[in-house]
Amino acid sequence: MVCLLQNFLEIYSARTLSSRSKKIEVKSLETGETRHLFEKEIEELLDGENALLFCDDERSFAKLKRLPDCVNEDLLRLCFSYVAGSVETRVRYYLSAMKQLTTDLVALVEDLLPSGEAVKRFLIHGISASVHHTSWQEHVCSKLQRIRRQKRARKQIDLSEATKLVFAENGLLEGIHETYEFRQEQLQTAMEIAESITLDKGILLESGTGTGKTLAYLVPVAYHVLSSGRRAVVSTRTRTLQDQLMQKDVQIMRKLPELDDTRICSLKGRERYLCPSRLIHFMNSMLHQSPIEERSKEALALLLWSLVTPDADLDRMRVTEGIRNAVSSNRFDCLSRLCADRTRCPYYIARENAKNADIVITSHSLLSSEIQMRTPESDIDEGILLPRFEIMVIDEAHGFEKALTDSLTFTLSSGEVMEVTNEASRISEKIFTQDIRTFEESFMESLKVRLSELRKAIDLSAKKLHGLINQHIVRSSMALDGDELARIRQALQDLESFLRGLSSIVVQLNEVYEEELLEHPSLDSVPYTDKLRVLKSRVFELIRHVSGICHNDNNRITYVTPSEVPNNPRISSSPIGNDALVSETLNTIPIKIFISATMWVFSRGSDGFNYSRRILGLQDDFHALKLGTSFDFGKQLRLMLADDMPEYYQNSDEYLDSGASFIRDVLNIVGGGSAVLFTSYNDMEYVVSKIHRDLKSVELKVQSRSESASVMLAEHSISDKSVIFGTQTLWEGIDLPGDKLKLLIIFKLPFDRPDEPITRARIGYYGQNSFMEGLYKYYYPKMITMFRQGIGRVIRTKDDHGVVIVLDKRIADSARNYSVKLLNSLPVGLAVERASKKKILATLRNLKKTKWLT
Ligand code: SF4
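Predicted, not measured: the structure shown is a model, and the values here were computed from it.

What counts and what doesn't
Residues numbered from 1 in each chain as written. Predicted model: local features only at pLDDT ≥ 70, side-chain atom pairs only at ≥ 80, totals over all residues. Heavy atoms only, no water. Phe/Tyr/Trp six-rings, centres within 6.5 Å; stacked < 30°, edge-to-face > 60°. Lys NZ or Arg CZ within 6 Å of the ring centre and 35° of its normal. Pairing = 2+ DSSP bridges. Helix = DSSP H or I, 4+ residues; strand = E, 2+ residues; numbered from the N terminus. Axes fitted to C-alpha atoms, helices over the stretch in contact; angles between N-to-C directions. Contact = heavy atoms within 4.5 Å. Expected span 1.5 Å × (residues − 1). Buried < 20%, exposed > 50% of the residue type's maximum accessible area, 1.4 Å probe, protein only.

Student: Explain the packing of aromatic side chains to me, using residue names and the numbers behind them.
Tutor: On inspection of all chains with the given rule, the structure shows 17 aromatic pairs. Put simply, the rings of Tyr648, Tyr655, Phe678, Phe725 and Phe747 touch in pairs and so form one group of aromatic residues. The ring of Trp600 carries the charged tip of Lys626 above its face, separated from the ring centre by 4.5 Å.

Student: Report on the sheet that holds strand S6 (residues 359-363), specifying residues and quantitative values.
Tutor: Sheets are built from strands paired through backbone hydrogen bonds, the pairs being either parallel or antiparallel. Spatial ordering of the open sheet is given by S5-S6-S4-S7-S12-S3-S13, a layout of seven strands whose pairing is parallel. With partners counted over all chains shown, the strands left at the sheet margins are strand S5 (264-266) and strand S13 (624-626), one partner each. Adjacent strand axes in the sheet meet at a mean angle of 15°, parallel and antiparallel pairs treated alike. Of the strand pairs in this sheet, strand S7 (residues 391-395) and strand S12 (residues 591-596) are connected by five bridges, and their pairing is parallel. The residue of S12 that forms the bridge with Ile394 is Phe594. Across the sheet, helix H13 (residues 239-253) touches strand S4 (232-236), S5 and S6, and the angle it forms with S5 is around 165°.

Student: Residue-level account of the side chain of Ser819, with values.
Tutor: Assignment of secondary structure puts Ser819 in helix H32 (residues 817-824). Apart from residues no more than four positions distant in its own chain, Ser819 is found in contact with Arg810, Ile811, Ala812, Asp813 and Ser814.

Student: Any details on the environment of Tyr818? Residues and values, ideally.
Tutor: Take Tyr818: it is sitting in helix H32. Residues Tyr818 and Leu775, spaced 43 residues apart in sequence, show a C-alpha to C-alpha distance of 9.4 Å.

Student: Could you give an account of helix H20 (residues 414-432), naming the residues involved and the relevant values?
Tutor: Relative to the 27 Å expected for 19 residues at 1.5 Å per residue, H20 spans 27 Å between its end C-alpha atoms, a close match to the ideal helical length. Every buried residue of H20 is accounted for by Ser414, Val417, Val420, Thr421, Ala424, Ser425, Ile427, Ser428, Ile431 and Phe432.

Student: Quick one: what's the story with the environment of Thr797, residue by residue and with numbers?
Tutor: Considering the arrangement of structural elements, one finds Thr797 in the loop between helix H31 (771-791) and strand S19 (802-806). In this structure the C-alpha to C-alpha distance between Thr797 and Gly738, which are 59 residues apart in sequence, comes to 7.5 Å. In contact with Thr797, not counting residues within four places along its chain, are Phe631, Gln636 and Pro737.

This is a description of form; function is not addressed.
Written as structure tokens, this is what we have:
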């Protein structure tokens, strides 16, 4: 890569020179000589406005002659203007120029390079012209930051005193953070955590919204690791929150006395990191692709980024899924200790950093994988994915059960199996027509025959599986057991052995190609090695899921679900009792801190934390505490119930139609900055189909079944007219302060479907004595926690005002026990206002008029 940039710099200087003299001087990177080359032909090329020359040798020049147009010269002027000094100096200069222009490299490339064709040529030619592939490889990801292993003297710190000094009124935080405001609730949260650490025990803490709980746990934990030499792991719900914590809260924390050199690192799953080895394969394969504008731009941006990134975290780089899959670290494709790139491998550096860190910030999903992989026999000192740790903080702990379930679920469809085998056939057909010289013809022929036999066997097996699964599918998910499950397991075992055969052939083909490339370098082979690598990963991943579903475990449930793709149901296997797994794996961690804004559920005769203790695998006497919020919900939020709505019944047309017309009327009054939350895509899509034509001055943003909601949320946040229609993940996944979310409509109470297999199995698991017991211990509190999360979306700051309208009358039906629990679990000062739909509409008009709802 450096060589590529060097080419650019050398050529740019030549270009400047040429405009004066009409002669081109090109310094050969091989010999260092300066030569005058091909004046005539070059003059012809320079007649074009945007001429770019890319020639460090005659071979490159020959290729250059075929280029009809060139990269925009503005790019050269802006980013690659000649700077004296070493390559490193030039790269640094380039970097600072890039930073000044924009932080979004892709957008920059897009602005500066209007011609995708030219970018493509730039990329292809730059790589092929470079005769220094080795040096390019050496520099990819060479800037990765490592945390130095160092012995540090322990400090004597009084944790309570230090915490008080930081969070008290007129305390240290106010001095170092301009916009910081003292919050009593934050001080309380921090002091409780400091005390639980001092006593060497854990705490389950509900700390209301707006208290600044992240700093409240981070600071005492940091002072403790400094004085004790222990290591802490902090787990956040999503990778986005993990990044936010690193970029915002950690930076504030570092300004506090003694904490500036706390060794903190972020650790993600390996697939989030760039693999330099795969990147080089990918870039080579780009040479053989037909020009695709967007792909070329992305590849260019990725290449540049790889040179300068401090950690090669792909979450910081906007690339499409296809490119990400081709270049990210992948355990099936990783040579690990045998890899020549291992010393500068971002994933292994991140793991090494974790071992040298005081605090490791990670996500629930990685922690879940650690829990899954650790066994009582595991070497705790080494850890598996995470190093040994003595303090564990689980932030947004209400969501940990789901993260664990997702991480431990195996799933596949027969369609996926067919897709992978078709891909294997497609690639191999191309390969078998090539002239492979390194291996005997007879060997290649035997591979071909085996592959063809396996393909037939896998097709038959996948069809059989499809038939077995399909007969159980009507509209919803269904649990499998008894003979049916035994038959399906048998079909899966057959499939697994065929897939293992396929994987061995794909591995051999991959080796054949890599060896062929070494012995007889031919650029034609490169794209196949890349495709074979991706295929190999897909086959291994399929085997992992098939084998996971086959595994006979009483603590799991196997079930079929209809898929988004017609006639392609999925079979899955999920754990039922996560609590047992968590407590077994984590019982050796001395200090466990669980914190969230929604851990508590009103319960007569108990402290309200039994549900949280239950799902987190904690003992009945695990210390728990509920603290207040910094917001005044009584003044900031109005919670209204439309009490003339029909009763809710599943698939009730009356409820759906009445709800749809009321939502339309509400949105036509309030307009943008609103959201409607559903619990099923079917209900949401029905309502949208009924009202979308009648909505005035509103832009509808409807959550997609297949795509992530992040783009939709980003679009919402820049529009005044946008209204979100969402389900499931959006109940706790929206953070839109101010007028971006001032009205929330809750279509139905967020109960899971009781007939959904995992839910039903868990109701049974927690209700060993009766179904009702399961409802009280698990089903109702889960719904209440979700409801509290939902209404928490509206008030994000002290200045927010908003309205929540609930259409489901069950919330205020005193005959239902869960309704009493729910109403008593609402934030202090918040009461339900019951009114007719007509009256609610009138109230909304009035709130708009008085500017309360703006
Ligand atoms: S060690 Fe594995 S992940 Fe790292 S660069 Fe090598 S192949 Fe890629």
